[in-house]
Number of protein chains: 2
Amino acid sequence: MSDRIDLSEKLAKFSEHWSPRTIAQFNNNDVMVVKVKGEFVWHKHDDTDDFFLVLKGALDIQLRDRTITLGPGQMYIVPKGLLIEPTGTPNTGDVATAAPRKTA
Amino acid sequence: MSDRIDLSEKLAKFSEHWSPRTIAQFNNNDVMVVKVKGEFVWHKHDDTDDFFLVLKGALDIQLRDRTITLGPGQMYIVPKGLLIEPTGTPNTGDVATAAPRKTA
């Protein structure tokens, strides 16, 4: 059985951007932390919702028709099949995301 | 389509303890915020893992053989079927939990 998971501790273990780390599994979902900076590619997930919770910094999630801006303690769930482009600012922005990361 | 969700904003809307509010759904899971104080009943969830992320205060999750203590930014996933008793301190303790709340 696993121990408690400290998000800051997990995030301190790496510095690369757009390189999510799986830290737990919940009902067959991966729980991941990721550091973001600059833009990520437009993509969508056909088979899963995409859950974002910002821990530090800011994240813009660009949808086709609008942009969702998240700060610390704010979350957004992108429904499956929706095209998005996440953009992180500033350099220190940390994001926890609970969906498997894959580009399509 | 929904907007961003601010956890503090959601938590400011109620003051009852052990009364989780569903604020979003993710891959058929309920995302809930809850305020806790004192002890909750021993229970288990046969069909779902129980995801806890503490936002403020402290939470003790008592398992049969040990206690998991969580502070802000710390999380724990109780595997389905496991018997637990959550205990919150102090009065201001806020917890976000992503599993449907039911006692069994």
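Before any of the text, the structure's been laid out above.
Residues numbered from 1 in each chain as written. Chains lettered and ligands numbered in written order. Predicted model: local features only at pLDDT ≥ 70, side-chain atom pairs only at ≥ 80, totals over all residues. Heavy atoms only, no water.

Moving on to the relation of the copies chain B and chain A. Of the two same-sequence chains, chain B is brought onto chain A (RMSD 0.0 Å, axial shift 0.0 Å) by a rotation of 180°. As the rotation angle and translation indicate, the two copies are arranged about a two-fold axis. With an isologous cut-off of 70% or more, the 100% of interface residues of chain B that recur at the interface of chain A puts this contact in the isologous class. (Least-squares fit on C-alpha atoms with pLDDT ≥ 70 in both. Contact = heavy atoms within 4.5 Å.)

All right, on to the interface of chain B and chain A then. If you look at the interface, chain B gives 33 residues, while chain A gives 33 residues. Between chain B and chain A, roughly 2700 Å² of surface is buried when both sides are summed, and carbon and sulfur atoms account for 57% of that area. The interface formed by chain B and chain A holds two salt bridges in total. The shortest N-O distance in the salt bridge between Asp3 of chain B and Arg66 of chain A comes to 3.0 Å. Here chain B is connected to chain A by 16 residue pairs in polar contact (both at pLDDT 80 or more). Contributions of two or more residues to the side of chain B that touches chain A are made by strand E1 (5–6), strand E2 (21–26), strand E3 (29–35), strand E5 (50–62), strand E6 (67–70) and strand E7 (74–78) of chain B. For the side of chain B that touches chain A, the per-class residue count stands at 18 nonpolar, eight polar and seven charged. Bridge count between strand E7 (residues 74–78) of chain A and E1 of chain B: two bridges; the pairing is antiparallel. Residue pairing across strands places Gln74 of chain A opposite Asp6 of chain B, the latter belonging to E1 of chain B. (Buried area = accessible area lost by both parts, 1.4 Å probe. Salt bridge = Lys/Arg side-chain N within 4 Å of Asp/Glu carboxyl O. Polar contact = N/O pair within 3.5 Å; in protein donor to acceptor, adjacent residues only side chain to side chain. Helix = DSSP H or I, 4+ residues; strand = E, 2+ residues; numbered from the N terminus. Nonpolar A, V, L, I, M, F, W, Y, C, P; charged D, E, K, R; others polar. Pairing = 2+ DSSP bridges.)

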